[in-house]
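Here is what each chain is made of, one letter per residue.
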Amino acid sequence: MWRALPHIRVQRLVGWLLALAFIPPLLVSAILVLVDIIRKHKHSQGHFLSLRNEPPVSVGQTEVQFYTYGNDLYRAMLEAIQHAQQRILFETFIWKDDEIGTHFKNALTEASQRGVEVYIIYDKFANLVVPAAFFAFDPRIHVLSYPLFSFPFKLFSIRSYARDHRKVMIVDSQIGFIGGYNIGDAYARHWRDTHARVVGPGALEIENTFIDFWNEHRKKDEAELPDVRNRGWDTTLTVQRNDPTLFMFPIRNMYLESIDRSQQSFYLTNAYFIPDRGILYALTKAAQRGVDVRVLVPALSNHIVADWLSHGFYTQCLKNGIRLLLYSDAMIHAKTATADGKWSTVGTANLDRLSMFGNFEVNMEFYDTDVAEEMEKIFAYDSSRAHELTLKQWEKRPFYWKLGEYMLYTFRPFF
């Protein structure tokens, strides 16, 4: 009995330490969520002036078109579906059962009814609030609902919690879409995001990622899709994909390499800026060696806790010469970057631990000056709609803001 007392004391001590580590940030998070609910109830979603779509640019034998307004993107995607002749591969994270979502469902159904092979992947967890009946499809459509938890379930394995955060579509192996847009009315008009349409051989790079995911996670009664056999070696356009089942996270390495190589400029747009130590170190070192490092983030995102976690990095960024631009017209959800007028990326990965080390993600990167020029134009336009935060302004924030940021520190590894 007496020997057991030290063990009991250790358990109590560990319990108290865990309580001290997690109860304060949980309380702060609860308060922030309550404030956010009140704010959203009083204020409507943002509106913004869309950037005029520029003509597509050529990357080798591939044409690349960028979309920064949801309605324009959805119009192009639905047109591609309507003209499909052989096969449509459609993958999304969130798919709302609203007007836009229904348009896509109907268009995919009509395509299958005229003999087009249709394959759909969606994330079940991300669509828990959508009625299950919406995801009842024509039996001719092949559907993969990525499950809530992967099996075999392991409590301390990231593979058990990984989400399929990808948003891609490929039509007839010739037209590919990739970027940050989910499917729904709000994203059509109220969110600022970026998607790319890729026409030509480059679409095969996106198609290859869909096929690999389908074959790995398909139901036993679903046949495998044949591998893409005619991919070229065009290094000006490549696809990077994170796969937590293989512990493969090249998108983070892509960012680290591009930041390290940059000499003149590095412009980053991201919805949730919660960098790990390596990414933040690379950005600060680039700024210190004279690179013009600019980070464009939403002034208020759709996840208030993520905003406050991001705030915890602002002081270090500003003190080291990183310029912070806060987009205030609407929720900016884009995941893009461009460097030195030579390199660019657009895709689904946020700059946080969930995307860098946890979810299935896909980004396309370009080594092309014309693409970089287009990305710089988009960044400049978004910057004109943003407010640049200075260190002097940031240091004047209320004391309770600083306290809240400090108390949320424990949550950084989970975002």
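Here the structure is a predicted model, which means the values were calculated and not measured.

## Observations regarding the overall build of the protein
Of the regular secondary structure elements, the protein holds 13 helices and 18 strands. Taking all 415 residues of the protein together, the buried fraction comes to 53%. Contacts spanning at least 24 positions in sequence make up 77% of the contacts within the protein whose residues lie at least 6 apart. For the protein, the accessible area works out to roughly 20100 Å², and carbon and sulfur atoms hold 58% of it.

## Digging into the environment of L326
Within the secondary structure, L326 is located in strand β13 (residues 323-327). When the C-alpha atoms of L326 and A299 are compared, they prove to be 4.6 Å apart, with 27 residues separating the residues in sequence. In this view, L326 contacts V297, A299, Y314, A386, H387 and L389; residues no more than four positions away in its chain are not counted.

## Points about helix α11 (residues 369-384)
A rise of 1.5 Å per residue sets the reference length of α11, with its 16 residues, at 22 Å; its end C-alpha atoms lie 22 Å apart and thus fit the reference within 8%. Listed as buried for α11 are V371, A372, E374, M375, I378, F379, D382 and S383. The residue sitting at the N-terminus of α11 and contributing the capping side-chain oxygen is D368; that oxygen lies 2.9 Å from the backbone nitrogen of D370.

## Details of the pattern of salt bridges
Evaluation of the coordinates by the stated rule reveals 15 salt bridges. Close ionic contact of R252 with D276 constitutes a salt bridge, the shortest N to O distance being 2.9 Å. With R252 in helix α6 (residues 250-261) and D276 in the loop between β11 (265-269) and α7 (277-288), this residue pair connects regions lying 24 residues apart in the sequence. The class of R252 is buried, set by a relative accessible area of 17%. D276 gets classed as buried once you look at its relative accessible area, which sits at 7%. The salt bridge involving R294 is made with D292; its shortest N-O contact spans 2.7 Å.

## So, the packing of α6 against α7
Between α6 and α7, the least distance of the axes is 9 Å, while the angle of their chain directions is 15°. As the angle between them shows, α6 and α7 are arranged roughly parallel. For the element pair α6 and α7, the recorded crossing hand is left-handed. For the pair formed by α6 and α7, the contact residues are R252, Y255, L256 and I259 on the first element and G278, I279, A282, L283 and A286 on the second. For the contact of α6 with α7, the class distribution of residues is seven nonpolar, one polar and one charged.

## Quick look at the packing of aromatic side chains
One pass over the full model with this rule turns up 22 aromatic pairs. Taking the centre distance of 5.9 Å and the plane angle of 35° together, the rings of F90 and F104 count as tilted. Taken together, the residues F90 in strand β3 (residues 87-92) and F104 in helix α3 (residues 99-113) connect sequence positions 14 residues apart. The exposure class of F90 is buried, given its relative accessible area of 1%. Judged by relative accessible area, F104 falls into the buried class, the value being 0%. Between the aromatic rings of F249 and F357, the centroid separation amounts to 6.0 Å while the plane-to-plane angle is 65°, which identifies the pairing as edge-to-face.

## Concerning the confidence of the model for the protein
Looking at the protein as a whole, its pLDDT mean stands at 87, while 81% of the residues score no less than 70. Note on residues 15-21: pLDDT is under 50 here. Beyond four places in sequence and across chains, it has three contacts.

## Thoughts on the sheet that holds strand β9 (residues 195-199)
One open sheet holds the eight strands; their spatial order is β1-β2-β9-β7-β6-β3-β4-β5, and the pairing between them is mixed. Of all strands in the sheet, those bounded by a partner on one side alone are β1 (57-59) and β5 (142-146). When the angles between neighbouring strand axes are averaged without regard to direction, this sheet yields 15°. In this sheet, strand β2 (residues 62-67) lies alongside β1 in antiparallel orientation, the contact comprising three bridges. Paired with V59 across the two strands is T62, which belongs to β2. Sheet strands touched by helix α5 (residues 203-217): β3, β4 (117-123), β5, β6 (168-171), β7 (175-179) and β9. Its angle to β3, the strand with the most contacts, is close to 75°. The sheet contacts of α11 involve β1 and β2, and relative to β1 the element is tilted by about 140°.

So, how was this worked out
- Residues numbered from 1 in each chain as written.
- Predicted model: local features only at pLDDT ≥ 70, side-chain atom pairs only at ≥ 80, totals over all residues.
- Heavy atoms only, no water.
- Helix = DSSP H or I, 4+ residues; strand = E, 2+ residues; numbered from the N terminus.
- Buried < 20%, exposed > 50% of the residue type's maximum accessible area, 1.4 Å probe, protein only.
- Contact = heavy atoms within 4.5 Å.
- Areas by Shrake-Rupley, 256 points an atom, 1.4 Å probe, with all protein chains shown as cover.
- Expected span 1.5 Å × (residues − 1).
- Polar contact = N/O pair within 3.5 Å; in protein donor to acceptor, adjacent residues only side chain to side chain.
- Salt bridge = Lys/Arg side-chain N within 4 Å of Asp/Glu carboxyl O.
- Axes fitted to C-alpha atoms, helices over the stretch in contact; angles between N-to-C directions.
- Parallel < 35°, antiparallel > 145°, perpendicular 65-115°, else oblique.
- Left-handed = near helix turned anticlockwise from the far one by under 90°.
- Nonpolar A, V, L, I, M, F, W, Y, C, P; charged D, E, K, R; others polar.
- Phe/Tyr/Trp six-rings, centres within 6.5 Å; stacked < 30°, edge-to-face > 60°.
- pLDDT = per-residue confidence, 0-100.
- Pairing = 2+ DSSP bridges.

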